[in-house]
Amino acid sequence: MKPRATKRLRAVLVGVALGLVALELAMQVVAYLAWRQGDGFRVRAVDSRTRVLCVGDSFTFGLGAGPERGYPQQLEALLRGEGRELAVVNGGKPGQDSAAVLRRLPRQLEIVQPTELLVLVGYNDRWSHPQAVTEEELTAARGAEGFPLRLRTGTFAALLAHALFGGESSDGDAAPAFLGTWHAGDFEIELGADGALRVAERRSRWQLEGEELLLSLELDKVTRARWRIVGDRLQLEMEPGKPALEFERGAAATRPADRARRHLERGESAAAEAIVSAALAGDPGDVELRALAVGLAHRAGRDVSAELAGLRAAAEGGAEREVTALVEALFETGASEEGVARACAWLRTRPHESRLWWALTRHVAARELSDQAILATIDAALPLLGEGEVWRAALLRLRAGVLRNGRREPVAALASAFAAALVDGNKAHAVTWLQSGEFSSAEADAALASLDLDEDSRAKLAAWRAEAARGESGANPVLGRHLRRIASLCRDRGTRLFLLPYPEDEGGLGQVIRDVAREEGATLIDCEDEFRGELRGTSRDALFVADGHCNEAGYGVMARRAAQALRAFVR
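Trainee: Whenever I open this one, the pattern of salt bridges confuses me. Can you help?
Mentor: A side chain of one charge can pair with a side chain of the opposite charge if their charged atoms are brought near each other. For the coordinates displayed, the defined rule picks out 34 salt bridges. Ionic pairing is found between Glu 552 and Arg 69, a salt bridge with its closest N-O pair at 3.1 Å. Of this pair, Glu 552 sits in helix H24 (residues 552-566) while Arg 69 sits in the loop between helix H2 (58-61) and helix H3 (71-81); the two residues are 483 residues apart in sequence, bridging distant segments of the chain. Arg 69 gets classed as partly exposed once you look at its relative accessible area, which sits at 32%. Arg 255 is the partner of Glu 288 in a salt bridge, and the nearest nitrogen-oxygen pair spans 2.8 Å. Pair noted here: Glu 288 is in helix H10 (residues 287-299) and Arg 255 is in the loop between strand E11 (245-249) and helix H8 (256-265), with a separation of 33 residues, a long-range link. Assessed through its relative accessible area of 7%, Glu 288 is described here as buried. According to the relative accessible area criterion, Arg 255 is partly exposed, its value standing at 37%. Salt bridges sharing common partners tie together Arg 255, Asp 258, Arg 261, Asp 286, Glu 288, Arg 321 and Glu 328.

Okay, here's the thing in structure tokens:
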């Protein structure tokens, strides 16, 4: 090669090398800044010695009001408005159970270095049933606390190749590739970034554990599935050695009524109304669409008496579709008593599983009725169901929750919980109730005695009860162990610990949290009484959204109670 050509080539290679070095340095800076954000939570510099870190699930994140109006942000605004200098960092992440919170906590503590830690977790343990986090796992988490030095340009090249030619990305910090909507024929699933899972019309939860997806596909039961993306398809391997379920990306070509309902679930009334109006223009006799139109008109404050009369006339023929449409329209317009009566009258002669059962169960679960009305509805519906039907378990579980509220009827509540667990074989639910600390041994004996059980069922419940006493399973003992480990981490760092029960107790979680706070010397921020007081004489809509999360006002109640507890420590 000629000297001039050699010199030119050397200059080009040096230029490329310098460019790669500059690119690598820039990417290391960007990666470091992203790492400092702590997996999505922000650390803001303030001229103050006080940092408050809030960790937990969607109730900490602020789902229902938005992350900027959750209780951590409102807490900071309250205290800073009083002239107190502090930073409140929201480390909440939707879908987390206590194991996930504990695994992330060492790194969060290292980054934020909080003076105070607020913890609200446990609800998702009831469906994920996590194993207790081991010391080895926590040691590994601590080892991962430092900034991970690795060649970023290689990752960039892989991402670029993925974008240009397809294939799987190996960037572990990116959002999971399975997020979004997928379909197989007309069957559709949706995995939301907040941990929400939709399977057809059923709403549930998902969680990522290593290479496995934990899917709550049945009532309080978890299915593990290995996942992979192949091209534009999602494959879920539910059982080793068996063919994987395969889904294409995107929504199925669903019916207009289903698309409208999805918009309504997201609070997008205008979009739902546009779909319904367009579909009715082509098929004005579709009773399902007419029922949706009635609900939309009622929400907008319009008179719907004529439309309801038309749906009543259509239902006189007794066909399931027409009856279901009328019942759903009655529920939407607040005529619950008539809706329940018509549903039960129809199901009395045709009690097979149907969309009408789904409508009835969903209406009861929304808790928009009074407790007396809920119990009356369930007691009217239960005799219409066969012993092993899934709706029976759902209604029994709802009944148990209402009877448990305020320990109104503890024996009847526990009996209903036992009966529900026997219907669907849900041992974990029965064990969790037994381990809640709310029920005495005498009450458990009375609950068992009140049930008309065969010998096998009685033996099964006795075995579950013994297992609960030994602490071998159930969500609550694991939650207690994780909270105690969090308390230990706080002691090691000199961080003051505050524990929050949920606004409404679920499965005895509140008792576990209160016990740990007492035993570990943590400060308890209990706002159940405040919520009961605020809701006295008004509807749940004042503090909650439809899925059970708080709205902005509800998180405001939590923030005020937390501020009250923190004032003694924050100047």
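Trainee: Looking at this structure, how should I read the sheet that holds strand E1 (residues 51-56)?
Mentor: Backbone hydrogen bonds hold the strands of a sheet together, and the pairing may be parallel or antiparallel. Judged by pairing direction, the sheet is parallel, and its five strands sit side by side in the order E2-E1-E3-E12-E13 without closing on themselves. Whereas interior strands pair on both sides, the edge strands pair on one side only; in this sheet they are strand E2 (87-92) and strand E13 (523-524). Strand direction decides the pairing type here: E1 and E2, joined by six bridges, are parallel. Residue pairing across strands places Leu 53 opposite Val 89, the latter belonging to E2. Contacting E1, E2 and strand E3 (116-120), H3 runs over the sheet at an angle of about 175° to E2.

Trainee: Just to check I follow, could you spell out the environment of Glu 467 for this structure?
Mentor: One can find Glu 467 in helix H20 (residues 455-470). Residue Glu 467 is classed as buried on the basis of its relative accessible area, which comes to 13%. Each C-alpha atom of the pair Glu 467 and Lys 427 lies 9.9 Å from the other, and the pair is 40 residues apart in sequence.

Trainee: Where do I start with the side chain of Arg 392 in this structure?
Mentor: By secondary structure assignment, the location of Arg 392 is in helix H16 (residues 390-404). Judged by its relative accessible area of 15%, Arg 392 falls in the buried class. Within polar-contact distance, the side chain of Arg 392 engages the backbone oxygen of Leu 382 at 2.9 Å.

Trainee: Looking at this structure, I do not really get the packing of helix H12 (residues 320-332) against helix H13 (residues 336-349). What am I missing?
Mentor: Any two packed helices are characterised by how steeply their axes cross, that is the angle between the axes, and by the distance between the axes. Interhelical geometry of H12 versus H13 gives an angle of 160° and a closest axis separation of 8 Å. By the criterion of interaxial angle, the relationship of H12 to H13 is roughly antiparallel. H12 and H13 meet at a crossing whose hand is left-handed. Taking contact as the criterion, the partners of Glu 320, Val 323, Leu 326, Val 327, Leu 330 and Phe 331 in H12 are, on H13, Ser 336, Glu 338, Gly 339, Val 340, Arg 342, Ala 343 and Trp 346. Classifying every residue of the contact of H12 with H13 by side-chain character gives eight nonpolar, two polar and three charged.

Trainee: Can you help me understand the nonpolar core in this one?
Mentor: One recurring pattern in soluble globular proteins is that nonpolar side chains are buried together. Core analysis: the biggest nonpolar cluster contains 61 residues, and Trp 357, Leu 360, Phe 418 and Leu 461 have the highest contact counts within it. Sorting elements by how many residues they give to this core places helix H17 (residues 410-424) first, with nine residues. Other than its neighbours up to four places away in sequence, Phe 418 contacts Ala 430, Leu 434, Ala 444, Ala 447, Leu 448, Leu 451 and Leu 461. Of all hydrophobic cores here, the second largest spans 57 residues; its members include Val 55, Val 512, Ile 513 and Ala 563.

Trainee: Even after reading the chapter, I still don't get unusual backbone geometry, so can you show me in this structure?
Mentor: For residues besides glycine, phi is generally negative; the peptide bonds are generally trans as well. Phi is positive for Gln 113, which is not a glycine, with a value near 50°. Relative to the helices and strands, Gln 113 resides in the loop between helix H4 (98-112) and E3.

Trainee: Please clarify how the pairing of strand E5 (residues 187-191) should be interpreted in this entry.
Mentor: Every other side chain in a regular strand lies on the same face of the sheet, so the side chains alternate between the two faces. Examined bridge by bridge, strand E4 (residues 180-184) and E5 share five bridges and lie antiparallel to one another. Directly across from Trp 182, in E5, lies its bridge partner Ile 189. By the bridge criterion, three bridges tie E5 to strand E6 (residues 196-199) in an arrangement that is antiparallel. Looking at E6, one finds that Leu 191 is bridged to Leu 197. The turn linking E5 back onto E6 is made up of four residues, and Gly 195 within it adopts a positive phi angle of 90°.

Cut-offs applied
- Residues numbered from 1 in each chain as written.
- Predicted model: local features only at pLDDT ≥ 70, side-chain atom pairs only at ≥ 80, totals over all residues.
- Heavy atoms only, no water.
- Salt bridge = Lys/Arg side-chain N within 4 Å of Asp/Glu carboxyl O.
- Helix = DSSP H or I, 4+ residues; strand = E, 2+ residues; numbered from the N terminus.
- Buried < 20%, exposed > 50% of the residue type's maximum accessible area, 1.4 Å probe, protein only.
- Pairing = 2+ DSSP bridges.
- Contact = heavy atoms within 4.5 Å.
- Axes fitted to C-alpha atoms, helices over the stretch in contact; angles between N-to-C directions.
- Polar contact = N/O pair within 3.5 Å; in protein donor to acceptor, adjacent residues only side chain to side chain.
- Parallel < 35°, antiparallel > 145°, perpendicular 65-115°, else oblique.
- Left-handed = near helix turned anticlockwise from the far one by under 90°.
- Nonpolar A, V, L, I, M, F, W, Y, C, P; charged D, E, K, R; others polar.
- Core = buried A, V, L, I, M, F, W, Y, C linked by side-chain atoms within 4.5 Å.

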